[in-house]
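Structure at a glance
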Amino acid sequence: MQIIAADYLHCNPNYQRRLRTSRSRAGGVWEPLHGGSELGSLAVNKSISFPSHPSPQKKQQFGKAAKGVAMKGSCCVFALLATAVQAVVLDEFFPAFHVRPPRNWINDPNGPVRMPSGMVHLWMQYNPDAAVWGNMSWWHAASPDYVTWVPLDVSLTNDDVYDKGGVFSGSVTLVDGKPVLVYTCVNATGAQLQCIAAPSNASDPLLLRWVKSPANPVIPDLPAKVNGLNFRDPTTAWYDSQTSRYRMAVGSSIFAQSPLNSSDDAWAQATVLLYSTTDPTLAGGWTAESQLFSDQWNPSGNYECPDFFPIDGPAGAPGSQLWALKTSDGFGRHDCVRVGRYDATNGLFTPVNSSSQMVDTGNCYASKSFYDETIGERVIYGWVDEEDGGAVQRGWAGVQTLPRSVSPAPGGDSLLIAPLAALRGLRGPAVAARTDTPLPSGQPVVLLPPAGAANATLEAQQQARVAAAFSAVPDAVVPVGAQLQQEITAAFSFPWSPAWSATPVGADPPAVGLVIRQGESDQHSNVLVTRLPFGGEVLNNTDEAGGDLYDLPLDATLPEDSNVANCSRICDADRRCIGWTYVRAGNSDKGNQFFDFSPRCSLKWTLPSLAVGAVGQSPCCVHGRVSSNVLVFDRTGSGTSGSTSPIIARTGNPVVVGGRARAELHVFVDHSVVEAFVDGGRERFTSRLYVAGQNTAGVSLWANNTSGAAANVTVWQVNTIW
């Protein structure tokens, strides 16, 4: 048994007294000690009090957990409790600064919210029994500042008749400062309805205990033609002053008339439904008002995990003109967001243009946002899935993304999604930095060797902190290898040449970027700003299968050349599309409503390879790619045991001043998790790298087929959030 000092944050003196006479049992619920003596002479309890307005020096002295906490008087905010730590499992793939439980499966982020107490709460879908999907419950963590987190308990589990099939995703709405949790309750037959829960003690800053409403399910019936197996994931509710009603949106699939066959009324149409009630408790009176938005060509036939919010502030704020509708599309496992106008009178959302954008072009799904009034920003999280087959053996699966800010992009018709500024509080020492560093074409500039910035003392401190935070869970997983925790910011400048605006077909395109996770055996992955290889080329009798975004019908009476040109134009107009395939007449995919027609245009949001024709020749099709600058994650040489497919996002042309272009990369490496952002959040991706061995932390700068490039770069070691 190892005794480690564990951080525990709380602003309630009653909880400090409770800590002095309590211990943690499995599941994270605090129980009284029997006589207060179970830890015997090993128990060490210390408390620290701050004045009403602590100085920055005091905050720093007593730990980053105190930053940004709203304090009242001499409120105790930090306690050290000697804890009996269970055995832990060291895992080089387990993240250190991404939120997740110490074991088992997680997926969708649920109900992020900041309470009036100042605490940020994040829940997520959780299986308390295994590292596979099932027994859906809500696991809970809290933080004062997005930097230091406290793992808490399971808030909701599937223990009632109406939710025996699972406590699915949902949201938290603050009504008069008190949280109401709205979630999808799934019964034993799989039918999906909507339920609510409230804290047993709304003044508890940690919101440890929740009670389901006796009125559940509060939406007990389905609207006509809604598929009862696809009616889920209610959004945060908002108060509409025009109608004096609370409103929320729910993802669904409805049976609609086929756009291809007027006699077919069973076409699965992805739809977001709008509900409202006058009940301020949200416990009843919900009525289906309208179809907020529908898409008859979405290949999943279903929208899940919708998110709906004004892009310039909290819902209900005066002057909110443009709203964003985010939907999760199960067919391609990606999240798309559209900016448009919300007609509150008729309950309709209309996009301002035909193109939407990806929340994340990589491994990120079921994202969920909330408006944090304390920092004046909208914050979004997403679920990062596993990409290899080792989850069950490791005993855990799934990660939440880092918190990201959401703001309008210049022009207002799209969004910037960037790392939250508060994450700077996680930075440790800068382990590499260069200014105005020339980048010779084709020659890496090494910043860190494969061993990275190994520090045995820091490693031990990080492991101890995580172990202490997870001490209530037997055989909890903790990360090993603190040198694999990095934040990298790099600003590149390079001459803007014709090759950047129109690379000749088949030519090796120019590129600038970073080489990360470099190993001693030449393993490496590249995060690059470049041109899409073979962009603009049209390949006859070629099909790159998979990665379908949409399939749209084309006019069979037009010549093939016209349909090929139309398909290419459709792809160019949709910023999510990086490639397209024209499917000739007579090549329908029988059995699937979204592909059982031809000729058609198949838009691609991902490709199996940066090479062209990875699937080979096929008489069915004509294939092409957009001619565009892109953000690329090339992991073909990574040595990962997971996916090696590239991740590609269109970025458009960079800012060019005085003949030189600029591109900025912001990259986080957290063991097996990689997140990258370009140009302040214009595009981004999340990915996984399962690269064995600790000496794989090398970082280099890279330029190719471009002369005169230079970079400013800093690499920080990143601390754990626990």
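Residues numbered from 1 in each chain as written. Predicted model: local features only at pLDDT ≥ 70, side-chain atom pairs only at ≥ 80, totals over all residues. Heavy atoms only, no water.

1. Quick word on the side chain of Asp295
You can see Asp295 is positioned in strand 19 (residues 287-295). Of the polar contacts made by the side chain of Asp295, one reaches the side chain of Tyr550; its length is 2.2 Å. Beyond its immediate sequence surroundings of up to four residues, Asp295 is in contact with Gln269, Ala270, Tyr303, Arg338 and Tyr550. (Helix = DSSP H or I, 4+ residues; strand = E, 2+ residues; numbered from the N terminus. Polar contact = N/O pair within 3.5 Å; in protein donor to acceptor, adjacent residues only side chain to side chain. Contact = heavy atoms within 4.5 Å.)

2. Re the sheet that holds strand 37 (residues 538-542)
Spatially, the five strands line up as an open sheet ordered 37-41-39-40-38, and their pairing is antiparallel. Since the sheet does not close on itself, it has two edges, and those belong to strand 37 and strand 38 (548-553), each with one partner. Strand-to-strand twist in this sheet, taken as the mean axis angle between neighbours without regard to direction, amounts to 25°. With five bridges joining them, strand 39 (residues 579-583) and strand 40 (residues 600-604) adopt antiparallel strand pairing. Paired with Val583 across the two strands is Arg600, which belongs to strand 40. (Pairing = 2+ DSSP bridges. Axes fitted to C-alpha atoms, helices over the stretch in contact; angles between N-to-C directions.)

3. What to know about the pattern of salt bridges
Inspection of the entire model under this criterion finds 27 salt bridges. Linking Arg625 and Glu544 is a salt bridge whose minimum nitrogen-to-oxygen distance equals 3.3 Å. With Arg625 in strand 41 (residues 617-625) and Glu544 in the loop between strand 37 and strand 38, this pair connects stretches of sequence that are 81 residues apart. This pair shows no difference in class: Arg625 is buried, exactly as Glu544 is. Between Asp574 and Arg576 there is a salt bridge; the shortest N-O distance is 2.7 Å. Judged by relative accessible area, Asp574 falls into the buried class, the value being 7%. (Salt bridge = Lys/Arg side-chain N within 4 Å of Asp/Glu carboxyl O. Buried < 20%, exposed > 50% of the residue type's maximum accessible area, 1.4 Å probe, protein only.)

4. Overview of the state of the cysteines
In the structure shown here, the tally under the stated rule is four disulfides. Between the sulfur atoms of Cys185 and its disulfide mate Cys195 the distance is 2.0 Å. Looking along the S-S bond of the Cys185-Cys195 disulfide, the torsion reads about 80°, which is the right-handed sense. Within this pair, whereas Cys185 is found in strand 12 (residues 178-186), its partner Cys195 is found in strand 13 (residues 192-199), the two being separated by 10 residues in sequence. Cys195 shares its class with Cys185; the two are buried. Paired by a disulfide, Cys567 and Cys601 hold their sulfur atoms 2.0 Å apart. One quick way to see it: the torsion about the S-S bond of Cys567 and Cys601 is about 80°, and its sign makes the bridge right-handed. With a gap of 34 residues between them, Cys567 in helix 6 (residues 560-573) and Cys601 in strand 40 connect regions that are remote in the sequence. Note on Cys567: relative accessible area 0%, which makes it buried. With its disulfide-bonded cysteines labelled consecutively along the sequence, the protein is connected as 1-2, 3-6, 4-5, 7-8. (Disulfide = S-S within 2.5 Å.)

5. Let's talk about the environment of Gly428
By the element assignment, Gly428 lies in strand 31 (residues 427-439). For the pair formed by Gly428 and Thr720, sequence separation is 292 residues and the distance between their alpha carbons is 9.7 Å. Once residues lying within four places of it in the same chain are set aside, the contact partners of Gly428 are Trp716, Gln717, Val718 and Asn719.

6. What to know about the nonpolar core
Membership of the largest hydrophobic core comes to 46 residues, with the highest contact counts inside it found for Val99, Tyr146, Trp149 and Trp722. For this core, the secondary-structure elements that each account for two or more residues are strand 7 (104-114), strand 8 (120-127), strand 9 (137-143), strand 25 (365-372), strand 26 (377-384), strand 27 (396-397), strand 33 (476-479) and strand 46 (673-678). Not counting residues within four places of it along the chain, the set of residues in contact with Trp722 comprises Ala96, His98, Val99, Arg100, Trp139, Trp149, Val150, Pro151, Arg465, Val466, Ala469 and Phe470. Counting residues in each nonpolar core, the second largest holds 42 residues, with Tyr342, Leu552, Trp605 and Leu607 among its members. (Core = buried A, V, L, I, M, F, W, Y, C linked by side-chain atoms within 4.5 Å.)

7. Some thoughts on the confidence of the model for the protein
Per-chain confidence: the protein averages 86 in pLDDT, with 86% of residues scoring 70 or above. Counted against residues more than four places away or in other chains, residues 1-85, with its pLDDT under 50, gives 156 contacts. (pLDDT = per-residue confidence, 0-100.)

8. Concerning the sheet that holds strand 27
Strand order in this open sheet of five strands is 10-9-8-7-27, and the pairing throughout is mixed. Here the strands that pair on one side only, and so sit at the sheet edges, are strand 10 (150-156) and strand 27. With four bridges joining them, strand 9 and strand 10 adopt antiparallel strand pairing. Across the sheet, Trp139 pairs through a bridge with Val154, a residue of strand 10.

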